[in-house]
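Secondary and tertiary structure notes
Here is how the chains run, residue by residue.
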Amino acid sequence: MPHETPGSRAQEALARAIGTSPDPAEGVDEPDEMPVAATVVIARDGAQGPEVLLIERPDRGSFAGAWVFPGGKLDPIDREGDASSDDADERAARRAAVREAREETGIVLDADALVPISRWSPPPGLPLRILTWFFVTRAPDDVSLELAADEAVSATWARPADVLERHGRGELTLYPPTWVTLHELAGQSDVDDLLATARLGGVRAYETLARRGPAGPFMLWQEDAEYDADAAAAASGSRARARHRLSIGDLPWIYERSF
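All of these numbers come straight from a predicted model, not from anything done at the bench.

**Some details on the overall build of the protein chain**
Assigned secondary structure in the protein chain consists of seven helices and twelve strands. Looking at the protein chain residue by residue over its 259 residues, the buried ones come to 47%. Of the roughly 12700 Å² of accessible surface on the protein chain, a fraction of 48% belongs to carbon and sulfur atoms.

**Section: the pattern of salt bridges**
Taken as a whole and judged by the stated rule, the model has 19 salt bridges. With its nearest N and O atoms 4.0 Å apart, the salt bridge here joins Arg 243 to Asp 224. Of this pair, Arg 243 sits in strand β11 (residues 243-247) while Asp 224 sits in the loop between β10 (216-220) and α6 (229-234); the two residues are 19 residues apart in sequence, bridging distant segments of the chain. Both residues of the pair, Arg 243 and Asp 224, count as buried. Each member of the salt-bridge network shares a partner with another, and the members are Asp 75, Asp 78, Arg 99, Glu 100 and Glu 103.

**Quick look at the packing of aromatic side chains**
Applying the stated criterion across every chain yields a total of ten aromatic pairs. Judged by centre distance (5.1 Å) and plane angle (85°), the ring pair of Phe 63 and Tyr 175 falls under edge-to-face. Here Tyr 175 lies in the loop between α3 (160-168) and α4 (176-185) and Phe 63 lies in the loop between β2 (49-56) and β3 (67-68), a separation of 112 residues in the sequence. Accessibility expressed as a relative area gives 14% for Tyr 175, which makes it buried. For the pair Trp 179 and Trp 253, a centre-to-centre distance of 6.2 Å together with 40° between the ring planes defines the contact as tilted. Within this pair, whereas Trp 179 is found in helix α4, its partner Trp 253 is found in the loop between β11 and β12 (254-258), the two being separated by 74 residues in sequence. Residue Trp 179 is classed as buried on the basis of its relative accessible area, which comes to 7%. Since its relative accessible area comes to 5%, Trp 253 is described here as buried.

Thresholds applied
Residues numbered from 1 in each chain as written. Predicted model: local features only at pLDDT ≥ 70, side-chain atom pairs only at ≥ 80, totals over all residues. Heavy atoms only, no water. Helix = DSSP H or I, 4+ residues; strand = E, 2+ residues; numbered from the N terminus. Buried < 20%, exposed > 50% of the residue type's maximum accessible area, 1.4 Å probe, protein only. Areas by Shrake-Rupley, 256 points an atom, 1.4 Å probe, with all protein chains shown as cover. Salt bridge = Lys/Arg side-chain N within 4 Å of Asp/Glu carboxyl O. Phe/Tyr/Trp six-rings, centres within 6.5 Å; stacked < 30°, edge-to-face > 60°.

This is the structure in structure tokens:
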């Protein structure tokens, strides 16, 4: 039996969805039919560039042993007061991100200072599908961590590129939304630059499909030419070569984004 490494856990969990993830034409759940969660990237300036806070989940539950950003599912209290507003979902997600960060790490954030960067829909076929909002914000000054033992067994401040390198060596577990977010945040000179880039990029929607190719399983997003089988067959030129995917068959993972 192959030895499980921290880096292999996500591949094994996601591989169970391969083959059960339908093409969009076959119908996928709409996001509002799924539970909603929120997570927040808390960033601070470090000696060699921006560092983000990651917490390690206990070795149980949906993200057992994985390193994640603080976050969790929306509670009814997060939705109070905004049921009829156009941005009700985002406002509720902001509240949830602030609440979860406080509960899990002891860090108190300002909901209005959170910059939304993405919404993630996991691939059909997973036993639990949750639509997740991702935000980014600056860490408060002189922040100190108070980890909730049932939510986090460890925490680290690290540069996004360093976390990706550790994952590529099989030293820790990441899931695709965390991996791609770290990839998108890597390379900024300071937190001001990171936040400005996040605001400029806007909110990206990741409606994930899971597929298996010659090189192994990969995650696929709607800008990819092969996301829709009918559209892929009819595509030509640059559209036929468009890629937005993450290959997870082997470490390090390979991200392709060219449209």
